[in-house]
Amino acid sequence: MIRELEEKIKRLEEQEKDSEILRIKRKEITEKYEKKFKPYDRVQLARHRERPKVKDFIENIIEEPMFFHGDRLFSDDKSIIGGIGYLDDIPITFVGTNKGNTLEENVQCNFGMPKPEGYRKALRLMKQAEKFNRPIITFIDTPGAYPGVDAEERGQGEAIARNISEMGRLKVPIISVFTGEGGSGGALALSVANKIIMMENSIFSILSPEGFATILWKDGTRCKEATEVMKLMAKELYDYNIVDRVVEEDISFSLEGFRDNFIRLKKVIIEELQMLMIKNSKELIIERQEKYRRIGGGF
Amino acid sequence: MIRELEEKIKRLEEQEKDSEILRIKRKEITEKYEKKFKPYDRVQLARHRERPKVKDFIENIIEEPMFFHGDRLFSDDKSIIGGIGYLDDIPITFVGTNKGNTLEENVQCNFGMPKPEGYRKALRLMKQAEKFNRPIITFIDTPGAYPGVDAEERGQGEAIARNISEMGRLKVPIISVFTGEGGSGGALALSVANKIIMMENSIFSILSPEGFATILWKDGTRCKEATEVMKLMAKELYDYNIVDRVVEEDISFSLEGFRDNFIRLKKVIIEELQMLMIKNSKELIIERQEKYRRIGGGF
Amino acid sequence: MEQNIRYEKPVISIIKRLRKFRKDPKEAALPEKLFEKCNGCGSLISKNKIVENFFTCPECNYHFNITSKDRMDMLLDGYRIINRPFKFTNPIDFPTYKAKYRENKKKSGLKEGILTVEGYLNDIKLIVVSLDNRFFMGSMGSYIGEEITKAFEHAGERDLPILIFSTSGGARMQEGIFSLMQMAKTSIAVDRYGETKNLYISCMTHPTTGGVTASFASLGDIILAEPGALIGFAGARVIKETIKGELPENFQRAEFLKEKGFLDEIVHRKDMREYIYKLLKLHGYRGCKK
Amino acid sequence: MEQNIRYEKPVISIIKRLRKFRKDPKEAALPEKLFEKCNGCGSLISKNKIVENFFTCPECNYHFNITSKDRMDMLLDGYRIINRPFKFTNPIDFPTYKAKYRENKKKSGLKEGILTVEGYLNDIKLIVVSLDNRFFMGSMGSYIGEEITKAFEHAGERDLPILIFSTSGGARMQEGIFSLMQMAKTSIAVDRYGETKNLYISCMTHPTTGGVTASFASLGDIILAEPGALIGFAGARVIKETIKGELPENFQRAEFLKEKGFLDEIVHRKDMREYIYKLLKLHGYRGCKK
Ligand SMILES: [Zn+2]
Ligand SMILES: [Zn+2]
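Below is a short write-up of the structure. Source: prediction; values computed, not measured.

How each quantity is defined
- Residues numbered from 1 in each chain as written.
- Chains lettered and ligands numbered in written order.
- Predicted model: local features only at pLDDT ≥ 70, side-chain atom pairs only at ≥ 80, totals over all residues.
- Heavy atoms only, no water.
- Helix = DSSP H or I, 4+ residues; strand = E, 2+ residues; numbered from the N terminus.
- Buried < 20%, exposed > 50% of the residue type's maximum accessible area, 1.4 Å probe, protein only.
- Contact = heavy atoms within 4.5 Å.
- Areas by Shrake-Rupley, 256 points an atom, 1.4 Å probe, with all protein chains shown as cover.
- Rg over C-alpha atoms; globule rule 2.2 N^0.38 Å.
- Lys, Arg positive; Asp, Glu negative; His and termini not counted.
- Charge placed at Lys NZ, Arg CZ, Asp CG, Glu CD.
- Pairing = 2+ DSSP bridges.
- Core = buried A, V, L, I, M, F, W, Y, C linked by side-chain atoms within 4.5 Å.
- Donors = N, O, S within 2.8 Å, 3.2 Å for Na, K, Ca; no water.
- Tetrahedral: all angles 85-135°; square planar, octahedral: opposite > 155°, others 65-115°.

To continue, consider the overall build of chain C. The secondary structure content of chain C amounts to ten helices and nine strands. A burial count over chain C gives 59% of its 290 residues as buried. Across chain C, every contact between residues at least 6 apart in sequence was considered, and the portion connecting residues at least 24 apart equals 68%. Carbon and sulfur atoms make up 51% of the accessible area of chain C, which totals about 11,800 Å².

This is the structure we're talking about:
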């Protein structure tokens, strides 16, 4: 279905020059398909090769972004990008998992799968944000942490655990945005936040559907079936109170077509940020910690 | 001269069975030679193959030592040993650079030359000491930080700098003991302390005498000449107020013969520690920082 | 270079210790069959010998899988279980979860894969948690996450040290995102407990993987492991597929992790009691009071 | 992936900027000879072109060694020097130090290898320190350590950001242990300054080695380097002797260090002014007030 939708929208974008009409027609198509979307379609949209990547999100939402590098320990993991910039005149720190747009970039970014040095780089930047009292916005689009020998050797588990617990007590507001795929502890390691925002067609799950199917049914090809029981869609997670906001999406396969999505997302981030910025650091920490404290309780 | 002294003492130790007489005779020899010692002799004593190593110092001064491992980032650098134990009933954290006693151990310990992961391991243990409000005793016997490609790759400079500045603000008492060789930034990275104690025949210098000669005269063999202008002896450094206490030594080339030295050192450490333990953390930090603030000032 | 563990007082006979906790004193570590084949070296060893050796192989030091109850009985001088009552929940309405749960319960005789106790090690009071991999492979569902968290809260409020033996396949798939979130809940619990300046000892046992490695188990003030324990984040099979090559020898074993800097020490099960006691004493715990 | 540095306003002509600070306006960056051979690519390039290009080679981006004064003139819109008066001391009574000092002074026209200024970059007031490797290879003696420390104290007291350009051979051998101790003094100064929550930018220029790399220069909130700069702790010659082998390509170069995770960014000298300004603004420094 997604391929059909992709073709339809691309044809439309080629034909239609009037951007207002284009916008309206795209919205029409989106809404028509929307009703028919199965979780697996969301997964395909979230992972779509031509879906804007985290770097695109950052460059379209943050003004004058400056990118910084390195974990000061071992390496500069290119699957994690981060730095500082303005969000509507507010200096903020941004950190995200980047997949890259071209195949060359994909390889460089290790397809968005960070190694421990990536998580440590993220933590370094977030601690610097805390020092200078800057809010933190994280952007997540990752299949998960890299499952490789070197990553295990350098403590993938330790790095993720460290990030999670340290993010729990950062003194500044943290907002996490799921832009595409949010897989497993590798996504959690950047999303311990005061507010979690998901793009309508992003996903967040305990594991990739393939991994899930492999573990449960010893059969990675039953991936589609897995998506139907995993509850990985933004709206499902919103209903579970795991996610705080879902940003409506016009479906598109181009930066241009994502413009309205970016605008909507930016508006939502700013709204949430303004509410957080009136709180002091103690309130921010307690709220954040209590939020996770409640999940899966009640025994 | 040191070889002559070594032979004399070893012969004495073989002949003399009465430990009290042995002690007195050894002291006599020590005192006779003492007057003739040139700085280069001290260097040879500090580096002597059969001089007790940091692990020996720890095991003879700290009761029930438990050794811990790893930097939680990359590796367990065996040139740095550390853990917790009792010093006269006071739980303390100890950290030191170890050279090892046998050739096999020497290789394993990289001849006492730490890599960045070693300094990071030391810092991890020291921060844990801070958390549990334990005083820190560091033991130093190192030619310096390891000059290798991998060490540079993983940020030797950063690791040393980080240790120095973090040690500056640890909230617990820090005492550093130079047991043998104390070379360059690699020694400093473990010796930013409230009190520095040197064994009489330990040295502490800006660089190894060989390195010093190479840099100044492009001739590493002029090492002996270098020692004469470097001011690396414990007593010289005491006169400069760089070092707080010098522990008198009976010269020996065996653990057994070092017994009195250990007892004297332990006594001095406890004396200094008791004075530090009545101070609060703010006082400890200010005193420590001010001490370094003053060195080489007055312009 | 390494730790030489020497202890003054002789270890109380493990059989005696286990017996103390059994209803029928005769059935201590009761052998169903007389001999067991060691997974480590393949030797056939008398079950009594294995038990006497703290459930390890006297030939090769292989550490047999043990129940959380055996773990407590071996380690402690007395304890009370403080787990909250368990009730089954199915947070993402996973179709086969209830049936699978019943199956695990029946197979293991357990209601869930965690045991939390408040007990004594000699004169020192402490909280001990042990996961149990007979139940859902020790995977961390909401109940386990909640119980781990409560254990930290309980210990923190009472100024008690806490010791956790982990063994886990990782996340509980059937609880989806709720299981994942237990990583956050438990990691934050460690951090909050840390503010009370009490001691958290994490001991990783075979196997500790996935979300448990990537949360509370890696956050101990002191991190120990049993010899040969498999410890890692990603599964070996997944890694093999990803790198399309062979794994290094000893990969993800306790010995490997210590080399790589992630473990303070590897402690043989028969030395555990004494090692932990020494650690607790050095952290100022003594005579039931800090 | 990388930083695309775009700036709205055109860079003021470097010649114009340098001229502003020269006594005789005509002698801006006055060329002794008309052409210079580039150490990077070997091209013969007109000296004016090099200066216009901010003392870098227009062909290969080679960054020429510059004086601390040129550094300040290029970077700032106005400044005053705040170094304390220097007086020669010989802390370990090193036999040839005085003579060597005179020699360096004569050769470089400098009294010591450090310049500290309080100045403006557009509307933002800041402290800038530059080491100068014409004097004793920029090695850190007591005076330099003291001046670095005072620069941090000065900046901290006034809530000003601080920017340090380092270039150094490391420790000053002739001052022995006193030189070594400057590593501690300056590193602690960074830490104390950090408590004021002001911004410290460290920019490493060619070459930065030894005790300077292992102290304040590696402790910046933001760490930058100029392209191609040699940065390391141990000297390449010593390392070669130790490992008895060849060094990897690009070893200890800025590009290598960025790859290894120790630099935030490599900034071309001609972009430095704008890059720093952007950084300062983002850290809330504006219109001479924080
Ligand atoms: Zn066996
Ligand atoms: Zn050139």
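That covers the picture; the talk isn't over yet.
In terms of regular secondary structure, chain A is built from 14 helices and seven strands. For 299 residues, the compact-globule estimate of 2.2 N^0.38 gives 19 Å, and the C-alpha radius of gyration of chain A, at 19 Å, lies within 12% of that figure. Projected onto the principal axes, the alpha-carbon positions of chain A cover approximately 50 × 50 × 45 Å. Counting the 299 residues in chain A, one finds 67% classified as buried. Sequence-distant contacts, at least 24 apart, represent 71% of the contacts inside chain A between residues at least 6 apart. For chain A, the exposed area adds up to about 10,900 Å²; of that, 50% sits on carbon and sulfur atoms. For chain A, the separation between the mean place of its 50 positive charges and that of its 51 negative charges on side chains is 3 Å.

All names here are of chain A. Burial runs high along strand S3 (residues 90-97): seven of the eight residues are buried. Strand direction decides the pairing type here: strand S2 (residues 80-87) and S3, joined by eight bridges, are antiparallel. Among the inter-strand pairings, Gly 85 is bridged to a residue of S3, identified as Ile 92. Turn length for the S2-S3 hairpin, with the two strands adjacent in sequence and antiparallel, is two residues, and the turn residue Asp 88 shows positive phi of about 50°. Looking at chain direction, S3 and strand S4 (residues 136-142) are connected through four bridges and run parallel. In the strand pairing of S4, Thr 93 is matched with Ile 136.

Now for the nonpolar core. Counting 133 residues, the largest nonpolar core has C:Ile162 and C:Phe216 as its most contacted members. Counting residues per element, this core draws most heavily on helix H6 (residues 176-194) of chain C, which supplies ten residues. Core analysis: the second largest hydrophobic core is formed by 132 residues, B:Leu232, C:Leu126, C:Ile222 and D:Ile148 among them.

Let's shift gears to the coordination of the zinc ion (ligand 2). Residues and elements named next belong to chain D. In this structure, Cys 38 (SG), Cys 41 (SG), Cys 57 (SG) and Cys 60 (SG) serve as the protein donors to the zinc ion (ligand 2), at separations of 2.2 to 2.4 Å. Of note is the zinc ion (ligand 2), whose four donor atoms meet at the metal with angles of 105 to 111° in an arrangement that counts as tetrahedral. All donor residues of the zinc ion (ligand 2) come from one chain, and their arrangement in sequence is C-x2-C-x15-C-x2-C. The exposure class assigned to Cys 57 is buried, which follows from its relative accessible area of 0%. With a relative accessible area of 30%, Cys 60 lands in the partly exposed category.

This next bit is on the coordination of the zinc ion (ligand 1). Residues and elements named next belong to chain C. Of the protein atoms, only Cys 38 (SG), Cys 41 (SG), Cys 57 (SG) and Cys 60 (SG) coordinate the zinc ion (ligand 1), at distances of 2.3 Å. For the zinc ion (ligand 1), the four donor atoms in the first shell make angles of 103 to 113° at the metal, so the coordination geometry reads as tetrahedral. Counting the intervening residues between successive donors of the zinc ion (ligand 1) yields the motif C-x2-C-x15-C-x2-C. Of this pair, Cys 38 sits in the loop between strand S1 (35-37) and strand S2 (44-46) while Cys 57 sits in the loop between helix H2 (47-52) and helix H3 (68-75), and the two are 19 residues apart along the sequence.

Nothing here speaks to function; it is geometry throughout.
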